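# Descriptive analysis of the structure
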Amino acid sequence: MVEHGGLTLEEFGRNLLDLTMTDDVIRRRAISLLPLARREERELKILGKPSRLTVDFQIGDATVTRGVSVAVDVSIPQVLTVRVDTAGEADAAEHRLDATIVLRITPRPRAPLGIYLDVAEPAAGSVLFAESQIGAKDYLRARIEEEVRKELLRLVRARIAETEAERTLDLEEPLARALGAAFADPGGREAPPPSRLRGAGAAPPQASQHGARAGELDAQLRTFGNAMPLQVWTARPDGKLNFVNRAVLDYFDRTEDQMLGEGWLSMLHPDDVQKTIAVWTRSLETGQPYETEFRLRRASDQSYREHVVRALPQRDAAGSIALWIGGTIDVADVRRAEAALRQSEARYRLFAEGSNEGIWFWNIREDTTEWSDRMLEMMGVSREAWGGTFMSFFERVHPDDRSRMQAALKAHLEERRPFAIEYRLRREDGEYRDVFTRGMAEWDERGVPFQMAGGATDVTEQKRHQAMLKERLEIIERQQEAIRALSTPIIEVWKGVLTMPVLGVLDEQRSQQMMEVLLEAVARTRCRHAIIDLTGVSALDAATADHVLRLIDAVAMLGAQGIVVGIRPEVAQTVVSLGLDLSNIKTLSNLREALLFAMQSSGVSVRRRRRRRELREDEDEAPRAREPLPERDG
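Scoring rules and cut-offs
- Residues numbered from 1 in each chain as written.
- Predicted model: local features only at pLDDT ≥ 70, side-chain atom pairs only at ≥ 80, totals over all residues.
- Heavy atoms only, no water.
- Helix = DSSP H or I, 4+ residues; strand = E, 2+ residues; numbered from the N terminus.
- Buried < 20%, exposed > 50% of the residue type's maximum accessible area, 1.4 Å probe, protein only.
- Patch = residues over 30% accessible without salt bridge, like charges linked within 9 Å, V, L, I, M, F, W, Y side chains within 5 Å.
- Areas by Shrake-Rupley, 256 points an atom, 1.4 Å probe, with all protein chains shown as cover.
- Salt bridge = Lys/Arg side-chain N within 4 Å of Asp/Glu carboxyl O.
- Phe/Tyr/Trp six-rings, centres within 6.5 Å; stacked < 30°, edge-to-face > 60°.
- Lys NZ or Arg CZ within 6 Å of the ring centre and 35° of its normal.
- Expected span 1.5 Å × (residues − 1).
- pLDDT = per-residue confidence, 0-100.
- Contact = heavy atoms within 4.5 Å.
- Pairing = 2+ DSSP bridges.
- Axes fitted to C-alpha atoms, helices over the stretch in contact; angles between N-to-C directions.
- Polar contact = N/O pair within 3.5 Å; in protein donor to acceptor, adjacent residues only side chain to side chain.
- Core = buried A, V, L, I, M, F, W, Y, C linked by side-chain atoms within 4.5 Å.
- Parallel < 35°, antiparallel > 145°, perpendicular 65-115°, else oblique.
- Left-handed = near helix turned anticlockwise from the far one by under 90°.
- Nonpolar A, V, L, I, M, F, W, Y, C, P; charged D, E, K, R; others polar.

### Side note on the overall build of the protein
Along its length, the protein carries 19 helices and 23 strands. Scored against the burial criterion, the 634 residues of the protein give a buried share of 37%.

Encoded structure:
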């Protein structure tokens, strides 16, 4: 090329890159760009616990991978020793991580004679960790990897910013030596310095070369277009197609002659013809890029499917449009997926807004959280003020509930136990609300949890109502206990003599209760007589009589004699009409007679006491007899 007038700056720059940017040069230069610190420390919090992360670095040998363009990928291995000291835990967790930092470096020519190493901004995917066998119990490793990834990216970005001025390589002297033979004069004169080559242009091509180049360009365009999976086409300035690639012919099952010119319009949906022609005509008149959507009929199933089309004008040296190059993409499946996604999002939004439950999402690896509007409303916090991290949530949990929260999360993430817990959460105004939440994590193919979602419900008012209801139930239960005590009263009328008045209707439940109370009292007092007073019973049926008989039999089994008193005449008539046999039961007219019977059976002299009472009554009457009678008038 030197013989034909020298090198252009672009050609010369490409030659410089190819000549000087060997893999070894790029490898050494990339490693020199990243002399990372030997140790880094930072504070972090894991599941709400403050921790210290310590990272030790050891850099390995870099490898260079060249792509189809001038850019290269430089992979720099890192052996990391990571130590995590967590508050409240005696032993620190130590991990060995094998990481690789991948940098995309593009060497570019830089005047006067140099090469600038353009390092792309490293993304999160630029730091890769080696695959390792870890289980659910080591789920924190994924979180630690993410923290280490962030730390590495921070260090790499800071180092790249610091080396901005160091990334230009001066090549004038080495290139002068390397290219000396190419520029040497056959007569022995010194070669011109490389700087004299700048700006040198090639001789203009001959006119005869234009046709050959046009034919070569057309062949290259066809080869390139047919290799593309997209529908590629070109059109003349008047808008008529003059080339369609193989993807177009296969999609519509047409020949090239059928599609060229305006033949493609027959594939359009009838309702889209006028709109498409109008947009295409406007682009042809204005020279603006052509972009629209329409429906085309696919040959395989004769269905009309949505397509997006875009074309750009190619202009000649005079600025006139020489050619339109366009592409058409079938987006029917994408549109359906978008519609399904919108429908799913609408259902989710309807559920989130229509229910009383707040929705939350937690990215465990990146330690980010998202709250639905209902969740933010429950906590009285705006989305702008919401921190969006696990700690911003955990700091709102009541201090007395945090240990339970940590234990529940750990059990779910490590052992996959159901996560459902009630705790107190602080609102923005400082009030603590009772919240019930449940959630479910998602585990990757290695069994490591990487995200978790769930719902939360404010149960403060519900708990207040439950407490109030519980208090009222306790009051009712105490009242019922008092009523039961009143309905089955036990009176010890004399030593060894108990009496139980029966009031109202005697059903099965009350009879059982009476039996339990009476037997317990008989056993406790060791009485010898139990009097059952039926004075308050106005009616007696077979079931009631059976209850009384069983009660008497039970008392007898404890060694006491049962006595029935207070049977009314109408009750006696019922007993006779029912044919009930009460001959084995001691029956007396009233409680006084039953008491006298019990006392006599116990050997107590009732007569003496009665005589003494009569004497006292006579003494009380004597003074009244000695009082003078009142005088009468007249």
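### Side note on a nonpolar patch on the surface
A cluster of nonpolar side chains, contributed by L469, L473 and I476, occupies part of the molecular surface with about 270 Å² of accessible area. Mapped onto the elements, I476 comes out in helix 14 (residues 460–487).

### Side note on the packing of aromatic side chains
The geometry of an aromatic ring pair comes down to the distance between the two centres and the angle between the two planes. Going through the model one piece at a time under the given rule, you end up with 11 aromatic pairs. Their ring planes at 55° and their centres at 4.6 Å tell us that W280 and Y290 sit as a pair that is tilted. Of the two residues, W280 is situated in helix 9 (residues 273–286) and Y290 in strand 11 (residues 290–297); the sequence distance between them amounts to 10 residues. Its relative accessible area of 9% is what places W280 among the buried residues. Note on W371 and W386: the rings are 3.9 Å apart at their centroids and 20° apart in plane angle, and the pair reads as stacked. In this pair, W371 sits in strand 15 (residues 368–371) while W386 sits in the loop between helix 11 (373–379) and helix 12 (390–394), placing the two residues 15 residues apart along the sequence. This pair shows no difference in class: W371 is buried, exactly as W386 is. Connected via pairs of aromatic rings, a cluster forms that spans W362, W371, W386, F390, F393, F394 and Y423. In this structure, R416 is placed above the aromatic ring of W443, and the distance from its NZ or CZ to the ring centre is 4.1 Å.

### Things to note about helix 13 (residues 402–415)
A rise of 1.5 Å per residue sets the reference length of helix 13, with its 14 residues, at 20 Å; its end C-alpha atoms lie 19 Å apart and thus fit the reference within 8%. Within the sequence span of helix 13, burial applies to M405, Q406, L409, A411, H412, L413 and E414.

### Notes on the pattern of salt bridges
Side-chain pairs of opposite charge can arise where the charged atoms are in close proximity. Counting across every chain of the model gives 35 salt bridges. When the shortest N-O distance is used, the salt bridge between R96 and D98 registers 2.9 Å. Between E377 and R374 there is a salt bridge whose closest N-O contact spans 3.6 Å. Of the two residues, E377 and R374 both sit in helix 11, 3 residues apart, roughly one turn of that helix.

### Examining the confidence of the model for the protein
Chain-level pLDDT for the protein is 77 on average; 76% of the residues reach the 70-or-more range. A low-confidence stretch, residues 1–9 stays under pLDDT 50, and its non-local contacts, those more than four residues away or across chains, total 16 contacts. Note on residues 178–210: pLDDT is under 50 here. Beyond four places in sequence and across chains, it has 28 contacts.

### A closer look at the sheet that holds strand 18 (residues 449–458)
Taking strand neighbours across the sheet as the criterion, the 5 strands line up as 15-14-18-17-16 in an open arrangement whose pairing is antiparallel. Each edge of the sheet is formed by a strand with only one pairing partner; in this case those strands are strand 15 and strand 16 (419–426). For this sheet, the mean inter-axis angle between neighbouring strands, taken without regard to orientation, is 25°. With 9 bridges connecting them, strand 17 (residues 432–443) and strand 18 associate as antiparallel partners. Bridging across to strand 18, M440 finds its partner in A453. Of the strands in this sheet, strand 14 (358–363), strand 16, strand 17 and strand 18 are in contact with helix 13, which crosses strand 16 at around 150°.

### Quick notes on the environment of D333
With respect to the helices and strands, D333 occurs in helix 10 (residues 332–354). Owing to a relative accessible area of 52%, D333 belongs among the exposed residues under this scheme. Sequence-wise, D333 and E306 are 27 residues apart; in three dimensions their C-alpha atoms are separated by 8.6 Å. There is a polar contact of 3.0 Å between the side chain of D333 and the side chain of R305.

### Section: the sheet that holds strand 21 (residues 529–536)
Read across the sheet, 5 strands follow the order 19-20-21-22-23 without closing on themselves; strand pairing throughout is mixed. Across the chains shown, the open sheet's two edge strands, defined by having one partner strand only, are strand 19 (491–494) and strand 23 (586–588). With strand direction ignored, the average angle separating the axes of adjacent strands in the sheet is 30°. Bridge count between strand 22 (residues 561–565) and strand 23: 3 bridges; the pairing is parallel. Note that in strand 23 the partner of V565 across the bridge is L588.

### Looking at unusual backbone geometry
The backbone phi angle of R416 is positive, close to 60°, even though this residue is not glycine. You can see R416 is positioned in the loop between helix 13 and strand 16. Since its relative accessible area comes to 48%, R416 is described here as partly exposed.

### Quick word on the nonpolar core
L80, V148 and F393 are the most contacted members of the largest nonpolar core, which totals 61 residues. A per-element tally of this core places helix 3 (residues 139–162) first, with 7 residues. Not counting chain neighbours up to four residues away, the residues in contact with F393 comprise W371, W386, M405, Y423 and L425.

### Remarks on the packing of helix 15 (residues 508–525) against helix 16 (residues 542–557)
Where helix 15 meets helix 16, the axes come as close as 10 Å, and the angle between the chain directions of the two elements is 20°. The angle between helix 15 and helix 16 falls in the class roughly parallel. Between helix 15 and helix 16 the crossing geometry is right-handed. Taking contact as the criterion, the partners of E508, S511, M514, M515, L518 and L519 in helix 15 are, on helix 16, H547, R550, L551, A554 and V555. Among the residues forming the contact of helix 15 with helix 16, the class breakdown is 7 nonpolar, 2 polar and 2 charged.

### Looking at the pairing of strand 16
On strand 16, burial follows the alternation: F419, I421, Y423 and L425 on one face are buried, whereas A420, E422, R424 and R426 on the facing-out side are not. With 8 bridges connecting them, strand 16 and strand 17 associate as antiparallel partners. Directly across from R426, in strand 17, lies its bridge partner Y432. If you look at the hairpin formed by strand 16 and strand 17, you'll find 5 residues sitting between the two strands, and G430 has a positive phi there, around 95°.

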